[in-house]
Amino acid sequence: QCLDDSSVFDCSLHMNKKDSFHYTLLYQMLLDQAGISGSVQTLFPIEKQEEMAAEQLLVEAGLTTENAWVCMHIGGRRLKVENKMWPVESFVSLARNLLKHGVTPVLIGVSSELEMGLKLSEEVAEVVNLIGRTSIGEMAAVIDLAGGFVGHDSGPFHIAVARNTPAVA
């Protein structure tokens, strides 16, 4: 249902749709109802210098695109506030399992998530910890070069989706 006073749209969707769709599709449905065309495609451009800085960090860590490695994001501010984060212990188990299969986890995130990353690194020394060592663009470049992404439904996950990196949240 939409009301239009020519300057403000007031649109709503039936409540039973709220938990059935990802919020980007819900927003698209609202725009459609308001007669506004749009796209759910997400773009995240990366500058050449961000790509070069990311490649340098990975080389320093002994990783190339020829190695099997995936990005792992274990943080997420909103999820922490909502108490919806996967426990670090579960990421420890996942990291061990990935390594057993020849895949190196590369931890990414912002400096406020470093404590969690250090805890995981103490448990699984073979992970590569880049938490707090990249700008957002450099993090996106690392995600772009990765064979995959695993983490919470958070900013880095959406970057992975925008960069067409196989992702699980």
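That block above? That's the structure.
Below or above, wherever it landed, is the structure these notes cover. (Residues numbered from 1 in each chain as written. Predicted model: local features only at pLDDT ≥ 70, side-chain atom pairs only at ≥ 80, totals over all residues. Heavy atoms only, no water.)

1. Digging into the overall build of the protein chain
Filter applied, for reference: Numbered from the N terminus, helices here are DSSP runs of H or I no shorter than four residues, and strands are runs of E no shorter than two. The buried label goes to any residue with under 20% of its type's maximum accessible area, the exposed label to any with over 50%, and the partly exposed label to all in between, with areas taken from a 1.4 Å probe on protein chains only. We call two residues in contact whenever any of their non-hydrogen atoms come within 4.5 Å of each other.
Each helix and strand in the protein chain was counted, giving seven helices and seven strands. Counting helices and strands in the order they occur from the N terminus, the protein chain gives β-β-α-α-β-α-α-β-α-β-α-β-α-β. Out of the 169 residues belonging to the protein chain, those deemed buried represent 37%. Taking the intrachain contacts of the protein chain between residues at least 6 apart in sequence as the baseline, contacts between residues at least 24 apart amount to 58%.

2. Points about the sheet that holds strand S5 (residues 128-129)
As a reminder, the rule being used: DSSP calls a pair of strands paired once it identifies at least 2 bridges connecting them.
Spatial ordering of the open sheet is given by S5-S4-S3-S6-S7, a layout of five strands whose pairing is parallel. Pairing within the sheet leaves two strands with one partner each, and these edge strands are S5 and strand S7 (167-168). Inspection of the sheet shows strand S3 (residues 69-73) paired to strand S4 (residues 104-107) by four bridges, in the parallel sense. Looking at S4, one finds that Cys71 is bridged to Val106.

3. Considerations on the pairing of S3
The element S3 is largely enclosed, with a buried count of five among its five residues. Taking every second residue as pointing to the same face, both faces of S3 are buried, with Trp69, Cys71 and His73 on one and Val70 and Met72 on the other.

These figures capture arrangement, not role.
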